[in-house]
Structure formats: structure tokens, C-alpha cells
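Each chain is listed here by its residues.
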Amino acid sequence: MASNLDFEKPIIELEQKIEELRRFTDESGVDLSDEVEKLESRLAQLSNSVYDNLSSWQRVQLARQPGRPTTLEYIEGMCKEFVELHGDRNFRDDPAIVGGIGLLEGRPVTIIGHQKGRDTKENIYRNFGSAHPEGYRKALRLMKQAEKFHRPVILFIDTAGAFPGMAAEERGQSEAIATNLRAMAGLKTPTVCVVTGEGGSGGALGLGVTDRIFALEYAWYSVIAPESAAAILWKDSTLAPRAAETMRITARDLLELGIADDLIPEPKGGAQKDKQATISVVRAKLVETLADLSELPIADLLQARYDKYRDMGIYTER
């Protein structure tokens with residue numbers, strides 16, 4: 001169940017008022033259709049006004065809303081068949097990253113992504129989508145397997161960051177992520193990632209070096225979370241809204257800066273408002289993209305990937 005954000009309260013109140021009028025009509029038989037129609041028109045205008053003018057921080061808040069589709073929900077909505085694979089063959093399975101083999105429009109693909117929980121119990125089990133080193137090593141194992149069998153790789157990114165605990169550091173968190181970066185840069189198969197919610201730090205980047213990078217409309221992607229950046233820069237984590245604006249971390253910023261290749265639209269108010277519609281749009285985008293990438297010879301694919309990342313960060317001074 002999505003929580004209500006402050007800027008959404010006027011919308012929620014109007015929706016409740018419309019629902020009350022409809023309920024009263026059903027119970028009393030009094031025709032209030034004109035009043036309902038006027039309120040619905042007002043609601044549409046209000047929604048457009050609010051969601052079309054969101055600040056960077058408000059977009060970050062929407063990206064964190066509970067109820068947004070998870071990796072497993074995307075897989076379920078996209079693939080008729082899917083076999084989940086477990087373990088890194090070194091330490092253990094990490095539930096914060098899921099992956100396996102599925103059929104997308106008849107095409108065998110490997111799908112990997114961060115997995116958050118739906119309630120407290122599941123979030124604890126999934127470690128809130130913050131992976132340990134074994135999660136990234138599992139992802140690497142599945143990507144190497146995909147390369148061997150010439151399967152495209154789809155990755156879903158939604159994490160506040162890799163788990164920063166002592167145990168993760170002892171087992172080589174930074175090494176596991178760095179190894180993924182190197183391996184993905186030269187992976188001899190088409191790769192696509194979608195930032196579906198949060199894209200925090202190296203925890204996100206460990207699944208993000210791909211031929212195409214897409215971001216959902218309200219997603220964010222950054223080397224550090226706004227709260228952490230504010231704590232470092234200004235010694236005050238409550239200045240996160242200022243940090244979010246300064247760092248330019250929203251999907252629109254990513255597209256403008258040449259990080260993201262395209263934005264994927266969400267329902268008004270976020271993917272959690274209509275999960276099936278969001279999954280359908282993502283599915284169509286992936287099918288189209290993989291069809292294009294699969295036509296490229298591997299040598300051309302790798303050269304284009306190399307050029308893509310070499311071009312990031314180039315700027316001119318006036």
C-alpha cells in the first residue's frame with residue numbers, strides 16, 4: 001500500500017470526496033453525477049499541476065514509494081516462462097538480487113535485478129534490496145552464463161545502495177562490484193538495464209554497465225543518496241532536497257546529461273498507481289530494444305558500448 005506524500009494530500013482528499021459522493025449516490029439513489037463530473041475534472045487539472053511540476057526531491061520520494069513493481073513482478077508480467085537461479089557458487093544465495101532465465105516474446109533472456117520486499121518481514125529477508133557481495137557475484141555468474149549461451153541480459157535496478165555492513169566489506173563488497181563493472185564492459189552479448197526506482201551508488205552501478213540504460217519517469221540514479229550527500233557536503237542530512245536538486249539525479253536529468261538513453265513513462269503519480277500498465281510499457285521497450293541490439297555483430301556491439309561510456313562526462317567550457 002502506497003503511503004501518502006505531503007504534496008499528494010490535496011489529490012488524495014479530492015479522490016476521497018469523489019468516492020464519498022459515488023457511495024452516497026449508490027446508497028441513496030440521489031443523482032450527483034454532475035457534481036462528480038465537476039470534481040473529476042478538477043482532479044485531473046490538479047493532478048496535472050502537481051505531477052508535471054515536481055521538484056527533484058519529490059521525484060526521489062515517488063521513486064521510493066512502496067507498491068512500485070519489483071523485479072519479480074516485472075518478470076511475472078513479461079515472461080510466460082521463468083526459472084529462477086540461486087547462489088554465487090562461493091558463499092550463499094543473496095535474496096536482495098534475483099535472477100534467472102525467461103522467455104520474452106519467445107526469445108530466451110537472462111533477467112537479473114534488485115528485489116525489495118512488500119512488508120516488513122519480506123524486506124528483512126530481502127535486506128531492503130541492498131545486496132551483499134554474493135548478490136553481485138551471483139549476478140556475474142548469470143551474466144557469464146548468458147554470454148556463453150548467447151542470451152541477452154536484462155537488468156532491473158532498484159536499490160538505495162549496496163549493503164555497507166562489516167560482513168559485506170569482509171567478503172569483498174567493493175571488489176565484487178568492481179569485477180562486475182569490468183566484466184559488463186566486455187560482455188559479449190546484448191545488455192539492457194532499467195532503473196525502476198532508486199539507483200543508489202555502486203550498488204546500482206554493479207548492474208548498470210549496459211548497452212542501453214533506461215529510466216522510469218520518476219526514477220533517480222546517482223553515485224550517492226541525497227541524504228548522504230547532504231550530510232557530507234553540509235553536515236546536515238535534512239538538506240537532502242537541496243542535494244537532490246544540485247546533483248541532478250532525476251530521470252530527466254539523466255536523459256539530458258546523456259546517461260540514460262530514454263525515459264519510460266509512468267502513470268500519473270507513479271508506477272504504483274497502475275503496475276500492469278507500467279510493466280506493459282517496459283516490456284514493449286525491452287522487446288524493441290533487444291530486437292535492435294541483437295542485429296549488431298558482437299564486435300560492433302562492444303565498440304558502441306565502449307564509445308557510449310567514453311562519451312559520458314564530456315563537456316565544454318564557454
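Residues numbered from 1 in each chain as written. Predicted model: local features only at pLDDT ≥ 70, side-chain atom pairs only at ≥ 80, totals over all residues. Heavy atoms only, no water.

**Q** Which residues make up unusual backbone geometry, and what are the values?
**A** In this model, histidine 150 sits at a positive phi of 60 degrees, which is unusual for a non-glycine residue. When you line up the elements, histidine 150 lands in the loop between helix 6 (133-148) and strand 4 (153-159). Taking relative accessible area as the criterion, histidine 150 reaches 66% and is therefore assigned exposed. Residue serine 201 is not a glycine yet carries a positive backbone phi of 60 degrees. Relative to the helices and strands, serine 201 resides in helix 9 (residues 201-205). Relative accessible area serves as the criterion here: at 33%, serine 201 is assigned to the partly exposed category. (Helix = DSSP H or I, 4+ residues; strand = E, 2+ residues; numbered from the N terminus. Buried < 20%, exposed > 50% of the residue type's maximum accessible area, 1.4 Å probe, protein only.)

**Q** How would you sum up the packing of aromatic side chains? Please name residues and give values.
**A** Using the criterion set out here, one finds 1 aromatic pair in the structure. Judged by centre distance (4.9 Å) and plane angle (10 degrees), the rings of tyrosine 74 and phenylalanine 156 are stacked. Highlighted residues: tyrosine 74 in helix 4 (residues 71-78) and phenylalanine 156 in strand 4, separated in sequence by 82 residues. Of the two residues, tyrosine 74 and phenylalanine 156, both sit in the buried class. Positioned over the ring face of tryptophan 234 is arginine 242, at 4.0 Å from the centre of the ring. (Phe/Tyr/Trp six-rings, centres within 6.5 Å; stacked < 30°, edge-to-face > 60°. Lys NZ or Arg CZ within 6 Å of the ring centre and 35° of its normal.)

**Q** How would you sum up the pairing of strand 5 (residues 191-200)? Please name residues and give values.
**A** Of all 10 residues that make up strand 5, 10 are buried, and the element is covered over most of its length. Of the pairings in the sheet, the one linking strand 5 to strand 6 (residues 212-216) comprises 4 bridges and is parallel in character. Of the residues in strand 6, the one forming a bridge with valine 192 is arginine 212. (Pairing = 2+ DSSP bridges.)

**Q** Give me the nonpolar core: which residues, what numbers.
**A** Grouped together as the largest cluster of nonpolar side chains are 50 residues, with contacts concentrated most on Met78, Ile112, Ile154, Phe156 and Leu286. Of all hydrophobic cores here, the second largest spans 13 residues; its members include Phe7, Val50, Leu62 and Tyr218. (Core = buried A, V, L, I, M, F, W, Y, C linked by side-chain atoms within 4.5 Å.)

**Q** Give me the UniProt feature "domain: CoA carboxyltransferase C-terminal" (unreviewed entry) in the chain: which residues, what numbers.
**A** UniProt marks residues 31-292 with the feature "domain: CoA carboxyltransferase C-terminal" (unreviewed entry), using the numbering shown here. Taken as a whole, residues 31-292 contains 47% helix and 18% strand, while its terminal C-alpha atoms sit 54 Å from one another. (UniProt positions renumbered as here; feature names shortened; annotations may be inferred.)

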